[in-house]
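Secondary and tertiary structure notes
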Amino acid sequence: MPADEELSSILNRRQAINTAMEEGKQVTPVFKKTGNIFTEFHEFSRKQIKEYEKAFNKYDVGRDGYLDLDELKRMMEKLGAPQTHLDLKNMIKEVDEDQDQKISFREFLLIFRKANAGELEDNDGLSQLAKRTEINVEEVGVNGAKSFFEAKIEEIRRGSKFEDEIRQEQEERRKEEEEKMRKMMAFREKAAIFQASH
């Protein structure tokens, strides 16, 4: 999006917010899409996001990057919380920011953001989905934080863990590249020996 269009969009949104507030309407915050799921959903660790992605992909039977109405229906049934057709449509509508009648992975993460913020009705479909697919923090690296205070301390450490995980991934990629280079050099040496002998 060109800069002038982006600025225009921001100003239009600001105007709409001001108008709505003047009319006494409630304004729902919109989180800026950064393009990087890990930075946009900073409240989750990289491991948690990857676990949520596994859960999402498990039910994305069409492998199109979306959960449509049928896939969401099957998901809720397998989670033991079947929903009516209307309830399923309402679940999608609540997080469907682009109004395409399906849930992208980013919108799927919005469910857990809303659950963490206490923005979901206790027994509605989305809260049931969030509770039943909640990632076990002990399995995803919160070092068995069992009490509230341990969990809070871990939350503070999560920022540095995020950096450590990135460094670890970069180190693994570097090692893979070194291994590829080593194999390529060995192949070239053998090829040179082969060519020299013929």
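It should be noted that the structure appears before, not after, this text.
A brief report on the enclosed structure follows.

Thresholds, definitions, all that
- Residues numbered from 1 in each chain as written.
- Predicted model: local features only at pLDDT ≥ 70, side-chain atom pairs only at ≥ 80, totals over all residues.
- Heavy atoms only, no water.
- Salt bridge = Lys/Arg side-chain N within 4 Å of Asp/Glu carboxyl O.
- Helix = DSSP H or I, 4+ residues; strand = E, 2+ residues; numbered from the N terminus.
- Buried < 20%, exposed > 50% of the residue type's maximum accessible area, 1.4 Å probe, protein only.
- Axes fitted to C-alpha atoms, helices over the stretch in contact; angles between N-to-C directions.
- Parallel < 35°, antiparallel > 145°, perpendicular 65-115°, else oblique.
- Contact = heavy atoms within 4.5 Å.
- Nonpolar A, V, L, I, M, F, W, Y, C, P; charged D, E, K, R; others polar.

Thoughts on the pattern of salt bridges
One pass over the structure, following the stated rule, counts twelve salt bridges. Across the salt bridge formed by Glu-169 and Lys-50, the nearest N and O atoms sit 3.4 Å from each other. Placement of Glu-169 in helix α8 (residues 148–197) and of Lys-50 in helix α3 (residues 46–59) is noted, with a sequence separation of 119 residues between them. Taking the relative accessible area as the measure of exposure, Glu-169 reaches 22% and is therefore partly exposed. Glu-177 is paired through a salt bridge with Lys-180; the nearest N and O atoms lie 3.8 Å apart. Here Lys-180 and Glu-177 lie together in helix α8, a separation of three residues that amounts to about one turn. Looking at Lys-180, the relative accessible area reads 53%, which means it is exposed. Sharing partners across several salt bridges, the network here consists of Glu-40, Glu-97 and Arg-106.

Quick look at the packing of helix α5 (residues 85–95) against helix α7 (residues 125–132)
Taken N-terminus to C-terminus, the directions of α5 and α7 make an angle of 80°; their axes are 9 Å apart at the nearest point. The angle between α5 and α7 places the two elements in the roughly perpendicular class. Two secondary-structure elements touch here, α5 through Met-91, Glu-94 and Val-95 and α7 through Gly-125, Leu-126 and Leu-129. Looking at the contact of α5 with α7, its residues break down into four nonpolar, one polar and one charged.

Any functional reading would require information that these geometric values do not contain.
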